[in-house]
Amino acid sequence: MCRPSRPPCSNGYLPESPSCPMPLREKQSKLLSGLPERSYRPELHGVRGLAILGVVLFHLFGDGRVSGGIDIFLAITGFLFTAMLLREAAENGGMIRLGRYFGRLARRIIPPAALVVVVTAVVGYFVLPSTQHHQLFREARASLLYFENFELISSQLSYEAAGPDSSPFQHFWSLSVQGQFYLIWPVVAVLAVLLARVLRRSAAGVMAVFVGLVFAGSFVWAIHMGGVHQEEAYLMTSTRMWELAFGGLLALLGARLTLPRPLRMPAGWAGFALIVLCGFFLDGAELFPGPWALWPLAGLALVLAATRPGETSEQSRFSAARVLSTRPFGWLGGIAYGLYLWHWPVLIFWLQLRDADHVGPRSGTIVLTISLVLAGLTLRFMEKPLAQPKRRGNRLPLALAASALVLGGVGSTALISHTHVDVPEGYAMSSVDRETYPGAAVTLEDAGEAPSDVDFYPSPEVVSGDFPEYRDWGCSQGRGDESHMGEVLVCEDPDEPDDPAATVMLAGGSHAGHWHAAFSVLAEQHDWELLVADKNGCRFGSTTDPETDKCHEWQLNFMETLEERQPDLVVTPGTASFGPDHPEHIAKDAPDRWEEIVNSDTELLLLRGITRPASDVPDCLASRSSPEECGPNFGAYQENNPLDMKDMPEGIYVVDMIPHICPDGVCSAVVGNVVVYRDASHLSNQYVETLAPILDSYLRDEAPHLYR
C-alpha cells in the first residue's frame, strides 16, 4: 500500500513514487494526454495583424464590404483560449483559477476598451446631434458591459457601410461576442475535464467532442438564421460560436494539423491568399457567418498547418509563416486590438464632421494614420504596462476593472435617463396652439402665414421617437424571411364604436401606417372602426422572388384577411419614390393587386406616396441646418400625379396630399412651424394630424358614402 504520510498533490493526484504503482498516476497521464502544447506562434500573431488590417482597410475603402478579418479574429480567440483553459483545468484536476483568469482579462482587455468607450461617448456628445445622444449612451453602456451585439439587434441597427448616421460603437458587437465567450468557455473546459476523469479519457478528447457539438449546433443555426434574418444573424453570439469553436478545434488538433513538408510552402501561401482576397470576392455582410465564412477560416487553418508549433524559425524565409513572423506583421499584431478599437469611432466622427457618407483616398489615409497613432499610444502606455503582473497579483487589476465596469455602468445609466425624452401620449397636437403651430393649414388657399418668431414643434428629440400609436401594440409585421413573416397581423381599434359607420383599414408598409394619426382623428369624429395591417417594407405589387419573399406571401394572405374582415375602405400608398435617383413610380403589378382588392367588394383609397429625405430629418434639424436643407428634393415627384394617368376601376379613389406636404414645390422639413418628417422616410405624427382636416375634405368629395 502507499504510505498515508505522503501527501497528495494539490490537484488531487498522488505524486510519483517508484515503490508505489499508483493507478491514479496512470489516470492522470491518461487525462493529460494530447493537451495543446505551450508554444508561441509568431505566424499566428502576424495573421491577427493581417486580419485586423483587412477589417480597417475595408471599412475605409471597401464600400460596405466585409473582409473576413473579424471571423479570423474570433477563430484566433477560440484557438488561444481553448488551449489555455483546457491545459489549466486538466493540470489542476478540473479547476480553473478564476482570479488569475479574470485578472489576465482585466489587464489586457478591459482598460483599452473602457478608454475608447469613454472617449467615444464624450466626443460623440459634442459631435453628434442631440437626437442621437440617448442611443449613444445606451450603446456606450452596452459596449462597456459586452452586450452591444444585443443592443444593436434590439435597436434594429444593421452592420453596413459606414455613414454619418452609423453608431460609433457599432464595432463593439464582435468584442461583445468575445466577452460572452470568455464567460462561457471556462465552464466548457471544466466540464470536459470532470467528465474525462469520470470516463477515464483524455481531457483533450472530451473537449474536442464538446467543441465539435458547439461547432455543429452553431453552424446549423447560422445557416438557418442567415436564411431568415441575415442582419440579425450577423450580430448574434449563437451564430458566431462555431467560428470560435473552429479555432478551438484547430488548437486541439495541435501538431497533428501540420502538413507534410512538401505541402507546407504552397499551403501557407494559399492560406495567406484566402485571407487577403476574401473581401474582394465575397460580401461578408450578406453571407457571414454562414458557410462562406469558412473561406477566411480555411486561410487561417492552412497558415497554421504550414508549420509545426514552435518551428516557425525553421521554415524557409520565403514561406508565408516566416513572412507573417516578420517585424511589420508582428507590429500590426501588437497594435491589432487598439487599432480595431479606435478606427471605427475615428471614421464615424470624421464622416460626421465632414457631412460625408464615405472617405476618399486622402481622407481615408488621414483616418488610418490617426487610428494607427492612437493604437500605438494605447499599446505603449496602457496595454504593455498593464500586461506585466504586479506583486499584488491579480487583485488590483480585478478591482480596477470591476470598478470601471460598475462606475461606467452606473454613469452611463444616469446619462441614458438624463437624455431620455418622454413622448406625449394620445394626439400629438391636442394641447398645441394651432394659431402658433398651424402645420398643413398654411397650405390652404387664403391661409395666413405661421408666426415666424417661434421655434418649430416638436423638438427633434421628441419627433424622432414619436412613432404611430399602433407600433407599440405588437401587431406590426416585421421584415425578414421567418416562416411567420407572411402572416397578416391586424391591429384592432382600441376605441371601436358600438355601431361603426364604416370600417377603414390602412394596409401595406409603414408608408400606409404613418397616416394612422390622421385617420384616428377622422375615425373618432365619424364613428369609423380603424384597422391597420402593416407589413414593414411591403408595398402592393410584384416581388423579386415570389417563391421565398414573405411580402409576396403576405399579399396573398391579405386577400383572405379582406374576406374575413370585410372593411369598407382599404387605404394604401399608390406611388413610391426614393429620391431623385429613383423618381416617383407605380410599383410593377400594383394595379393588379388593387383590382383584386376592389373585386373583393372593398373600396380602395390610393394616397400619392411621399419621397424620402436625403438624411434623417430630426438629426439634420438638431444640427441647426435650415428646414429647406433638411427636407427632400421635390424633383423626385413627377410633374403630374402618375395615379391620375391610370384608368382606375370603379371603387378606387385617388387623393394627392403632396401639395400640402410640399407646398409651392418646396419640400421643407418644417411647414407651418410643425416638423413634417420623423426620420429619413416617414411623416411625423404631428404633421399628419394637421393634415386630417384636409384629408377629410378630400374624402368627402371622393367617398361621401363613408359619412352618415
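Note: the structure precedes this text.
Residues numbered from 1 in each chain as written. Predicted model: local features only at pLDDT ≥ 70, side-chain atom pairs only at ≥ 80, totals over all residues. Heavy atoms only, no water.

Student: Looking at this structure, how should I read a nonpolar patch on the surface?
Tutor: Among the surface-exposed residues, Val118, Val122, Tyr125 and Phe126 lie close enough to one another that they form a single nonpolar patch of about 440 Å² accessible area. By secondary structure assignment, the location of Val118 is in helix H5 (residues 110–127). (Patch = residues over 30% accessible without salt bridge, like charges linked within 9 Å, V, L, I, M, F, W, Y side chains within 5 Å. Areas by Shrake-Rupley, 256 points an atom, 1.4 Å probe, with all protein chains shown as cover. Salt bridge = Lys/Arg side-chain N within 4 Å of Asp/Glu carboxyl O. Helix = DSSP H or I, 4+ residues; strand = E, 2+ residues; numbered from the N terminus.)

Student: Explain the sheet that holds strand S5 (residues 652–655) to me, please; I cannot follow it from the model alone.
Tutor: Hydrogen bonds along the backbone pair up the strands of a sheet, which may run parallel or antiparallel. Judged by pairing direction, the sheet is parallel, and its five strands sit side by side in the order S2-S1-S3-S4-S5 without closing on themselves. Of all the strands in the sheet, just strand S2 (528–534) and S5 have a single pairing partner and so form its edges. The average angle at which neighbouring strand axes cross in this sheet is 20°, direction not considered. Pairing analysis gives four bridges linking strand S4 (residues 603–607) to S5, with the strands arranged parallel. Following the sheet pairing, Leu607 is matched in S5 by Val655. Against the sheet, helix H22 (residues 550–565) makes contact with strand S1 (502–508), S2 and strand S3 (569–573), and its axis sits at roughly 175° relative to S1, the strand it touches most. Packed on one face of the sheet, helix H23 (residues 590–598) meets S3, S4 and S5 and runs near 145° to S4. (Pairing = 2+ DSSP bridges. Axes fitted to C-alpha atoms, helices over the stretch in contact; angles between N-to-C directions. Contact = heavy atoms within 4.5 Å.)

Student: Explanation requested: the packing of aromatic side chains in the structure shown.
Tutor: Each aromatic ring pair is specified by the distance between its two centres and by the angle formed by the two planes. For the structure on display, the rule yields 23 aromatic pairs. Consider the rings of Phe540 and Phe558, whose centres lie 5.3 Å apart with planes at 55°: the pair is tilted. With Phe540 in the loop between S2 and H22 and Phe558 in helix H22, the pair connects residues that are 18 residues apart, well separated along the chain. By relative accessible area, which is 6% here, Phe540 ends up buried. Three or more aromatic residues joined by ring pairs form one cluster here, namely Phe81, Tyr101, Phe102, Phe181, Tyr182 and Trp185. Looking at Arg700, its charged tip hangs above the ring of Tyr707, at a distance of 4.2 Å from the centre. (Phe/Tyr/Trp six-rings, centres within 6.5 Å; stacked < 30°, edge-to-face > 60°. Buried < 20%, exposed > 50% of the residue type's maximum accessible area, 1.4 Å probe, protein only. Lys NZ or Arg CZ within 6 Å of the ring centre and 35° of its normal.)

Student: Explanation requested: the packing of helix H3 (residues 69–91) against helix H11 (residues 237–253) in the structure shown.
Tutor: Between two packed helices, what matters for the description is the angle formed by their axes and the separation of those axes. It is at 7 Å that the axes of H3 and H11 come closest, and there the two elements cross at 50°. By the angle between their directions, the pair H3 and H11 is classed as oblique. Of the two possible hands of crossing, H3 and H11 adopt the one that is right-handed. Between H3 and H11, the residues in contact are Asp71, Leu74, Ala75, Thr77, Gly78, Phe79, Thr82, Ala83 and Leu86 and Arg240, Glu243, Leu244, Phe246, Gly247, Gly248, Leu250, Ala251 and Leu252, respectively. (Parallel < 35°, antiparallel > 145°, perpendicular 65-115°, else oblique. Left-handed = near helix turned anticlockwise from the far one by under 90°.)

Student: What's the story with the state of the cysteines in this structure? I'm lost.
Tutor: A disulfide bridge is the covalent bond that connects two cysteines by way of their sulfur atoms. For the structure on display, the rule yields four disulfides. Cys475 shares a disulfide with Cys491; S-S distance 1.9 Å. Disulfide Cys475-Cys491: torsion about the S-S bond near 110°, hence right-handed. You can see Cys475 sitting in the loop between helix H19 (460–463) and S1 and its partner Cys491 sitting in the loop between H19 and S1, a full 16 residues away along the chain. Residue class for Cys475 comes out buried when judged on its relative accessible area of 9%. (Disulfide = S-S within 2.5 Å.)

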